[in-house]
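# Analysis of the macromolecular model
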Amino acid sequence: MSDQNTTAAAYADIHTAGHEPVGGKQASRRTFLKASGGLIAGAAAQVAPAAAAQGTVAADNGPPDIMKRDPEASSLVSSIAEFVHGTGFGDLPDTIRRIARQHLLDTIGCCLAAARLETSRSLASYLTSEGGTGQATAISIPRQLPAPQAAFMNGLLARSLEFDDMAMPDLHPSGAIVPLILALCEWQCASGEQAILAYVIGLELCLRLDRAGYDRASRSSRFLERGQDATAICGTLAGAAAAAKLLGLDAKAIANAIGIAVSFAAGSLEANRSGGTIKRFQSGWAGKSAIQAALLAKYGVEGPAQALEGRYGFYHCFVDGQFDPHTLTDGLASVWQASDLRFKPYPSNYYTHAGIDAALALRQKGLKADEVASAQLAVATPMLHTIGEPLDRKQAPQTAYEAKFSGPYTVASALIGGSGLGLGLDDFTDELIRDPARRALMRRISVTSDPRCDSIFPQQAPAILSVTTKDGRRMVEEVLINRGSPERPLSDDELAVKFSENCRRALAPETTEALRLSLNRIAEAKDVSEIVRILATVPG
């Protein structure tokens, strides 16, 4: 078995820890809330896929084992709440702190790049009309808004350009968590250490909540297969926990905040398939809802005791009760999943990225776009549903936003030649999708599934691009490891280029540099609001 097949097979088993996912009849809590002491030794291979492949990121001096208690008197949400309450900044490994700083910077850059979109102006006008007490900065709005509304605005910005980070198989945690962290930290005058800690906690829970719904049979997320926006849905719960941490709530109130958030979670992916702009708003709504859930818990509202595993709980409502509880709790505070986050080099759906890389490689080898007679983009089956179906629509996207989810458009644009790190923000415009040469090339590009790609997914989101030229040549390019993944990371220089490109429409160069330096030193800040207020200068 190849190394790629080995890692893919490992991913298929990481969420079970030797147990079948919960489904049908509710399993005994005693079974799935067993003490984690005997399980943590194997958690590196069972919990975090990329971390298992590269070496687990584990805490040097983590808090006491939170799971060693009477499981009959506990529940999943109360166990998670104790982790949230009991974890401090000193429990975070240095590697995780560094990753958090990098991804915070990256996400804020994505927010700034989206400030002048039409959808951004629409939401800014709506939120301004609602009024309310000014508590926090909403990028591109000249006055402060209530903290939940500021999180709504910044969450829209973070996800609008499909440029924010992701984790396989289909999650974008920072786009949901960073906006609420910025809003609450400013309102509460939180320190940089508090901001980083709450952010990491939100990332950890968002990843675990999503991955607990991984389906071994389809090798995909059950949320994704049902057309649900897991980022918005899981981000609401994880964000509520992070918000409750920042508000200084005790473990019982944190559990209530998560339970309340279950009733607020929502998000559909249909806009990726048949158009519309509403998906851009969903992570912002998650941030807004997360803060509101935490505030309700602060003022005494209670969530259900079995909010996650209950008969009518989170996993029953969203994935028919099919989930693995071990993924939620095993290794908490010892194995950190943020090490699996991936940067996006291109502002499009992550499943298009390997195809873009393949097209760029063929172009570098001398292939010209007008030489292409036909091309076939082969991907893993779960990827096909997002970037290749329905094919006639993917070959003729109606908006620049739809083009971000089109295999034919992204391959054609990379063959023609793009901006940024190979394909950039300037390559996704309504004018370009109507360009006759680009549309003609898209019609010659098909998308199909491939067994080799299936065997690698979801450890990577691979692609194989095969091109037949008009003079009869056949060229093939395989991209089996994604650029920006932990196995093939972006360099510091590449991350700097991306941040500068994202900021150039919103901030003066000297302000961009001041912001970058401040965010790189955020852990030293006594009051994060001094950094966040730089964002108040962004024009709408």
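Residues numbered from 1 in each chain as written. Predicted model: local features only at pLDDT ≥ 70, side-chain atom pairs only at ≥ 80, totals over all residues. Heavy atoms only, no water.

The number of helices and strands found in the protein chain is 28 helices and six strands. Expressed as a percentage of its 540 residues, the buried residues of the protein chain come to 62%. Residue pairs in contact within the protein chain that sit at least 24 positions apart in sequence constitute 79% of those at least 6 positions apart. As presented, the protein chain carries roughly 18,800 Å² of accessible surface, and 50% of it is formed by carbon and sulfur atoms. (Helix = DSSP H or I, 4+ residues; strand = E, 2+ residues; numbered from the N terminus. Buried < 20%, exposed > 50% of the residue type's maximum accessible area, 1.4 Å probe, protein only. Contact = heavy atoms within 4.5 Å. Areas by Shrake-Rupley, 256 points an atom, 1.4 Å probe, with all protein chains shown as cover.)

Attention now goes to the side chain of asparagine 349. Within the fold, asparagine 349 resides in the loop between helix 17 (325-329) and helix 18 (353-364). A residue is classified by how much of its surface remains accessible, and asparagine 349, at 4% relative accessible area, is buried. Those residues in contact with asparagine 349 that sit more than four places away from it in its chain are Glu162, Lys344, Thr386, Ile387, Lys404 and Phe405.

This part takes up helix 24 (residues 436-443). If you check which residues of helix 24 are buried, you get Arg438, Arg439, Leu441 and Met442. Down the axis, helix 24 shows its buried residues gathered within 160° of arc, on one side only. Of the exposed residues in helix 24, the ones pointing more than 90 degrees away from its buried face are Pro436, Ala437 and Arg443. (Arc of directions from axis to C-beta.)

With that settled, the discussion passes to the packing of aromatic side chains. The way to describe two aromatic rings as a pair is by their centre distance and the angle between their planes. Summed over all chains, the structure comprises nine aromatic pairs. With a centroid separation of 5.5 Å and an interplanar angle of 80°, the aromatic rings of phenylalanine 152 and tryptophan 285 are classed as edge-to-face. Within this pair, whereas phenylalanine 152 is found in helix 8 (residues 147-160), its partner tryptophan 285 is found in helix 15 (residues 279-298), the two being separated by 133 residues in sequence. Judged by its relative accessible area of 6%, phenylalanine 152 falls in the buried class. By relative accessible area, tryptophan 285 is classed as partly exposed at 40%. Cluster of aromatic residues (ring-pair linked, three or more members): Phe223, Phe314, Tyr315, Phe318 and Phe323. A cation over a ring is seen here: lysine 498 above phenylalanine 163, with NZ or CZ 4.3 Å from the ring centre. (Phe/Tyr/Trp six-rings, centres within 6.5 Å; stacked < 30°, edge-to-face > 60°. Lys NZ or Arg CZ within 6 Å of the ring centre and 35° of its normal.)

It is worth spelling out the nonpolar core at this point. Of all hydrophobic cores here, the largest spans 120 residues; its most connected members are Leu112, Ile181, Phe314, Tyr315 and Leu515. For this core, the element with the highest residue contribution is helix 10 (residues 192-211), accounting for twelve residues. With near-sequence residues (within four places) excluded, tyrosine 315 lies in contact with Arg208, Leu209, Ala212, Gly213, Phe223, Leu308, Asp320, Gly321, Phe323 and Leu328. If you look at the next biggest cluster of nonpolar residues, it comprises 45 residues, including Ile356, Leu362, Ala378 and Val467. (Core = buried A, V, L, I, M, F, W, Y, C linked by side-chain atoms within 4.5 Å.)

End to end, helix 26 (residues 492-503) covers 16 Å across twelve residues, agreeing with the expected 16 Å (1.5 Å per residue, within 8%). Buried within helix 26 we find Leu495, Lys498, Phe499, Asn502 and Cys503. The buried residues of helix 26 occupy an angular sector of 125° when projected down its axis, which confines them to one face. Buried residues in helix 26 make contact with helix 6 (94-113) and helix 27 (509-520). (Expected span 1.5 Å × (residues − 1).)

In this section: the packing of helix 6 against helix 9 (residues 173-188). Contact geometry of helix 6 with helix 9 gives a least axis separation of 10 Å together with a crossing angle of 90°. Classified by the interaxial angle, the pair formed by helix 6 and helix 9 is roughly perpendicular. Within the contact between the two elements, helix 6 uses His103, Leu104, Thr107 and Ile108 and helix 9 uses Ser174, Val178 and Leu182. Per-class residue counts for the contact of helix 6 with helix 9 are four nonpolar, three polar and no charged. (Axes fitted to C-alpha atoms, helices over the stretch in contact; angles between N-to-C directions. Parallel < 35°, antiparallel > 145°, perpendicular 65-115°, else oblique. Nonpolar A, V, L, I, M, F, W, Y, C, P; charged D, E, K, R; others polar.)

Strand order in the open sheet made by the four strands is 4-3-5-6, with mixed pairing throughout. In this open sheet, the two strands that pair with only one neighbour each are strand 4 (445-449) and strand 6 (474-479). The average angle at which neighbouring strand axes cross in this sheet is 15°, direction not considered. Of the strands in this sheet, strand 3 (372-379), strand 5 (463-469) and strand 6 are in contact with helix 18, which crosses strand 6 at around 135°. Taken strand by strand, helix 22 (residues 407-416) contacts strand 3, strand 4 and strand 5, and its axis lies near 125° from that of strand 4. (Pairing = 2+ DSSP bridges.)

Below, the discussion takes up the environment of valine 178. In this structure, valine 178 sits in helix 9. Residues valine 178 and alanine 158, 20 residues apart in the sequence, show an inter-C-alpha distance of 8.4 Å. Leaving out residues up to four positions away in the same chain, valine 178 has contacts with Leu104, Thr107, Ile108 and Tyr199.

Next up on the list: the packing of helix 8 against helix 9. At their nearest, the axes of helix 8 and helix 9 sit 8 Å apart, and the two run at 145° to each other. Both helix 8 and helix 9 take part in a crossing whose hand is right-handed. Between helix 8 and helix 9, the residues in contact are Ala147, Ala150, Ala151, Asn154, Gly155, Ala158 and Arg159 and Gly175, Pro179, Leu180, Ala183 and Trp187, respectively. Its residues assigned to classes, the contact of helix 8 with helix 9 comprises eight nonpolar, three polar and one charged. (Left-handed = near helix turned anticlockwise from the far one by under 90°.)

This part is about the pattern of salt bridges. Within this structure, the stated rule accounts for 23 salt bridges. Between glutamate 494 and arginine 483 there is a salt bridge, with the nearest N and O atoms lying 2.9 Å from each other. Of this pair, glutamate 494 sits in helix 26 while arginine 483 sits in the loop between strand 6 and helix 26; the two residues are eleven residues apart in sequence, bridging distant segments of the chain. Classification of glutamate 494 by relative accessible area gives partly exposed; the value is 23%. Here arginine 483 falls in the buried class, since its relative accessible area comes to 15%. What emerges from the salt-bridge pattern is a single network uniting Arg159, Glu162, Asp164, Lys279 and Lys344. (Salt bridge = Lys/Arg side-chain N within 4 Å of Asp/Glu carboxyl O.)

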